[in-house]
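# Structure at a glance
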Amino acid sequence: MTTIFNLRGTFGYGMHGCGYYAGTVHANTFEGFEYWQRNGVKIIEVDISQTTDGEFVALAHKMTPEYLRRLEIRSFDDKDVFTYGWFMRQKLFRYSSRGLHPLDLHRIIDEIRRDNDLIVMFDLYGLWSFEEAKNFTSELNYYIGSDIHLIHQTLIEAYNQNMIDGIQAVKEAGYPIIYCVRDNSTGGNHQWMSPDELAKKGIEFVSYPWHYAGFYEGEMKQYVDNNFTIFSYCADRRKVGECRLGGANVILVDVLFTDHNFFYKYPIYLFGRLKNKIVQKLLRKFFR
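Everything numeric in this text was worked out from a predicted model, so none of it was measured.

The helix and strand tally for the protein chain stands at eleven helices and nine strands. Against the compact-globule benchmark of 19 Å for 288 residues, the protein chain has a radius of gyration of 18 Å, which places it among compact chains. Referenced to the eigenvectors of the C-alpha coordinate spread, the extents of the protein chain come out at roughly 50 × 45 × 40 Å. The buried share of the protein chain, taken over its 288 residues, is 53%. With an accessible surface of roughly 13800 Å², the protein chain has 51% of that area assigned to carbon and sulfur atoms. Distance between charge centres in the protein chain, computed from 33 positive and 35 negative side chains, equals 8 Å.

The next point concerns the pairing of strand 4 (residues 119–123). Within strand 4, five of the five residues are buried, which leaves it mostly tucked inside the rest of the structure. Residues Ile119, Met121 and Asp123 line one face of strand 4 and the alternating positions Val120 and Phe122 line the opposite face, and both faces are buried. Judged from the five bridges that link them, strand 2 (residues 43–50) and strand 4 form a sheet pairing that is parallel. Residue pairing across strands places Ile43 opposite Ile119, the latter belonging to strand 4.

Quick look at unusual backbone geometry now. The omega torsion across Ala60 and His61 is 0 degrees, close enough to zero to call that bond cis. Relative to the assigned elements, His61 resides in the loop between strand 3 (56–58) and helix 2 (65–68). The phi torsion at Glu72 lies on the positive side, around 65 degrees, for a residue other than glycine. Residue position: Glu72 is located in the loop between helix 2 and helix 3 (84–88). Residue Glu72 is classed as buried on the basis of its relative accessible area, which comes to 1%. Look at Phe93: it is not a glycine, yet its phi comes out positive at around 55 degrees. Tracing the backbone shows Phe93 in the loop between helix 3 and helix 4 (105–114).

Each value, and the rule that gives it
Residues numbered from 1 in each chain as written. Predicted model: local features only at pLDDT ≥ 70, side-chain atom pairs only at ≥ 80, totals over all residues. Heavy atoms only, no water. Helix = DSSP H or I, 4+ residues; strand = E, 2+ residues; numbered from the N terminus. Rg over C-alpha atoms; globule rule 2.2 N^0.38 Å. Buried < 20%, exposed > 50% of the residue type's maximum accessible area, 1.4 Å probe, protein only. Areas by Shrake-Rupley, 256 points an atom, 1.4 Å probe, with all protein chains shown as cover. Lys, Arg positive; Asp, Glu negative; His and termini not counted. Charge placed at Lys NZ, Arg CZ, Asp CG, Glu CD. Pairing = 2+ DSSP bridges.

This is the structure in C-alpha cells:
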C-alpha cells in the first residue's frame, strides 16, 4: 500500500494529463489513464474541469469550445451542451483515432479504490477561485469519505492563496495540497510562494515544471533543500536526466519507454503524433 508520503526521498515517473495514447498527449482520456496504469505507472496527473451543471471531469482546461475542439469535438448544438451528460457521451479524437472515452471524477476514485498503490494528482488549473477549489474538494470528499489511505493517495494542485483556502476549507478531510511554484500561463492567477511560506501553510509537496529551472537558476534546489517532495513536468524527454539531477522525486512525462521497447515503440509514438497533428491542422483549416 503506497501513499504520497512514501515518495519522499525516492524517484519515479508519472503520466502528465493521463499520458500519451493513440497519438494524443495531455488529453486526459480514459484509455490513456487505463493503459499506463495497467503498464505499471502508479502516479497519474489528471486535469480537472467543471461542467455547467457542477460535475467534475477530466479535461484541460475549461468546458468551452476552445478546449473541446482540441479533443476533435466540433458540434455544440445540443440543448444540454457543456453538461456532464453531454460531455460523457462524446467520442474524443473521433477523426485521428477510432474514438476515445471521457473520464470523470467518479471513475478515477473507483480506480484509486481498486489499486492501493495508485496516486492521482488533480490539477485544478483554471479553477482559480475559493469556491471552485472548495467545490471540487467537497465533491472529492463525497466520493472518498473518511478513508485516510484513499485521501493520501491523492494530491490537489493549487496555484494561489484562494485555491489553498478553498481546499483547506473542507477541514474534515485534510486533503494534501501540491503547490505549483511557477506558471506564467495563468493570466495573473498564479502566486509565487517561498519554501518558508508553503511550510507555514502545512504544504509538503510542490510542482515545478522543469523548463522554468533555466529561467530561475537555483530556485528548485531551494525546495529540494527544504525537504519538499517535488513533481516536475518535463515536456522534452531529452531533459529528463537533467530534471532528475535537479532533485525531482517524480518526473511527469507524456510518454514513457524502457530500454527494451524504445526502438520499436518510439517510431509508433512518432507516427501517432504526426497523424494527430495533421488531422488537427486539417480540422482547424476546414471546420472552423
